[in-house]
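Working through the structure, step by step
For reference, the chains in residue letters:
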Amino acid sequence: MFVRIMENISLYAIPLIILVIVGYAYFVKKIKVYEVFCEGAKEGFNTAIRIIPFLVAMLVAIGIFRASGCIDIMMKILDPVFSLIGMPGEVLPMAILRPLSGGGATGVMNDLMLTYGPDSLIGRIASTMMGSTETTFYVLAVYFGAVSIRKTRHAVAAGLLADLAGLLTAVWICRIMFA
């Protein structure tokens with residue numbers, strides 16, 4: 001009975017939220033919702049055009065990083081360190097790629113899921129890590145570049161520290177919950 005109620009709630013939750021927000025904007029705030037939406041979409045398109053050069057540069061840099069073998073060298077250096085915290089070595093390539101590329105990390109995670117299964121400890125750590133870390137260098141290159149922010153030193157440190165915290169927490173929580 002409870003499952004059926006939750007399924008019905010989840011089925012209608014998002015459309016209801018959208019309807020409430022649009023209705024509130026139109027009837028209470030007297031906002032012309034369609035016109036404002038179209039203006040926002042136009043600004044979004046212009047932003048997408050501005051970030052394309054930064055996106056291309058970042059994708060080329062990631063391709064060079066992967067093709068050069070640097071990721072293999074980093075794995076050899078970092079594997080003993082991360083094995084101390086209980087992180088399986090199989091997850092390390094994803095942990096290295098995640099701050100650089102969401103697509104690359106997703107590809108590694110997909111391989112882990114096919115090899116070890118989503119219900120394995122490796123699959124669960126990879127999934128949790130994917131949801132609790134960010135593509136830090138992608139964000140810095142693309143979004144900061146689009147708005148011409150050049151001094152990113154503190155943002156890099158804060159982003160990588162947050163990624164490390166997400167990675168450590170993912171391993172820790174999964175070890176507690178599933179090991």
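Conventions and cut-offs
- Residues numbered from 1 in each chain as written.
- Predicted model: local features only at pLDDT ≥ 70, side-chain atom pairs only at ≥ 80, totals over all residues.
- Heavy atoms only, no water.
- 1 Å grid on protein atoms, 1.4 Å probe; cavity = no way out; pocket = protein on both sides within 12 Å on 5 of 7 lines; lining within 4 Å.
- Points joined across faces, edges and corners; volume = space filled by probe spheres on them.
- Helix = DSSP H or I, 4+ residues; strand = E, 2+ residues; numbered from the N terminus.
- Phe/Tyr/Trp six-rings, centres within 6.5 Å; stacked < 30°, edge-to-face > 60°.
- Buried < 20%, exposed > 50% of the residue type's maximum accessible area, 1.4 Å probe, protein only.
- Core = buried A, V, L, I, M, F, W, Y, C linked by side-chain atoms within 4.5 Å.
- Contact = heavy atoms within 4.5 Å.
- UniProt positions renumbered as here; feature names shortened; annotations may be inferred.
- Expected span 1.5 Å × (residues − 1).
- Axes fitted to C-alpha atoms, helices over the stretch in contact; angles between N-to-C directions.
- Parallel < 35°, antiparallel > 145°, perpendicular 65-115°, else oblique.
- Left-handed = near helix turned anticlockwise from the far one by under 90°.
- Nonpolar A, V, L, I, M, F, W, Y, C, P; charged D, E, K, R; others polar.
- Salt bridge = Lys/Arg side-chain N within 4 Å of Asp/Glu carboxyl O.

Moving on, we come to the layout of surface pockets. Taken as a whole, the largest pocket spans an internal volume of roughly 300 Å³. In terms of lining, the largest pocket is formed by 17 residues, of which the most central are Ala 95, Ile 96, Pro 99, Leu 160 and Leu 167. Looking at the lining of the largest pocket, the elements that each hand over two or more residues are helix H3 (70-84), helix H4 (92-97) and helix H8 (153-178). By residue number, the principal contributor to the lining of the largest pocket is H8, which donates four residues.

Quick look at the packing of aromatic side chains now. Counted by the stated rule, this structure contains two aromatic pairs. Where Tyr 26 meets Phe 27, the ring centres are 5.0 Å apart and the plane angle is 85 degrees; that geometry is what we call edge-to-face. Overall, the relative accessible area of 47% leaves Tyr 26 in the partly exposed class. Taking the relative accessible area as the measure of exposure, Phe 27 reaches 58% and is therefore exposed. Ring centres of Tyr 138 and Tyr 143 lie 6.2 Å apart, and the angle between their planes is 90 degrees; on these two criteria the pair is classed as edge-to-face.

The next subject is the nonpolar core. Formed by 27 residues in total, the largest nonpolar core has its most connected members in Met 87, Val 91, Met 94 and Met 129. Elements that contribute at least two residues to this core include exactly helix H2 (33-67), H3, H4, helix H5 (102-116), helix H6 (121-132) and H8. Excluding residues within four positions of it along the chain, Val 91 makes contact with Leu 112, Ile 122, Ile 125, Ala 126 and Met 129.

What follows concerns the UniProt feature "transmembrane region" (unreviewed entry) in the chain. Using the residue numbers shown here, the UniProt feature "transmembrane region" (unreviewed entry) corresponds to residues 9-27, 47-65, 77-101, 121-144 and 156-178. Helix and strand shares over residues 77-101 are 56% and 0% respectively, and the end C-alpha atoms of the span are 20 Å apart. As annotated, residues 156-178 comprises 100% helix and 0% strand, and the C-alpha atoms at either end are separated by 32 Å.

With 15 residues, H3 should cover 21 Å at 1.5 Å per step; its first-to-last C-alpha distance of 22 Å lies within 8% of that length. Looking one or two residues past H3, Gly 86 carries a phi angle of roughly 90 degrees, positive in sign.

What follows concerns the packing of H5 against H6. Remark: H5 packs on H6, axes separated minimally by 9 Å, with the N-to-C direction vectors making an angle of 160 degrees. What the angle tells us is that H5 and H6 run roughly antiparallel. Both H5 and H6 take part in a crossing whose hand is left-handed. For the pair H5 and H6, the contacting residues are Gly 102, Ala 105, Thr 106, Met 109, Leu 112, Met 113 and Tyr 116 in the first and Ile 122, Gly 123, Ala 126, Ser 127 and Met 130 in the second. Here the contact of H5 with H6 is composed, by residue class, of eight nonpolar, four polar and no charged.

What follows is about the UniProt feature "domain: Nucleoside transporter/FeoB GTPase Gate" (unreviewed entry) in the chain. Mapped onto this numbering, the UniProt entry annotates "domain: Nucleoside transporter/FeoB GTPase Gate" (unreviewed entry) at residues 48-149. Taken as a whole, residues 48-149 contains 77% helix and 0% strand, while its terminal C-alpha atoms sit 17 Å from one another.

Across all of its chains, the model carries one salt bridge by this definition. We note a salt bridge from Arg 124 to Asp 119, for which the minimum N-O separation is 3.6 Å. Overall, Asp 119 belongs to the exposed group, its relative accessible area being 61%.

Put simply, H6 and H8 touch, their axes get as near as 9 Å, and they point 140 degrees apart. Between H6 and H8 lies a crossing whose hand is right-handed. For the pair H6 and H8, contact is made by Leu 121, Arg 124, Ile 125, Thr 128, Met 129 and Ser 132 and by Gly 166, Leu 167, Ala 170, Val 171, Cys 174, Arg 175 and Phe 178, respectively. In terms of residue class, the contact of H6 with H8 is built from eight nonpolar, three polar and two charged.

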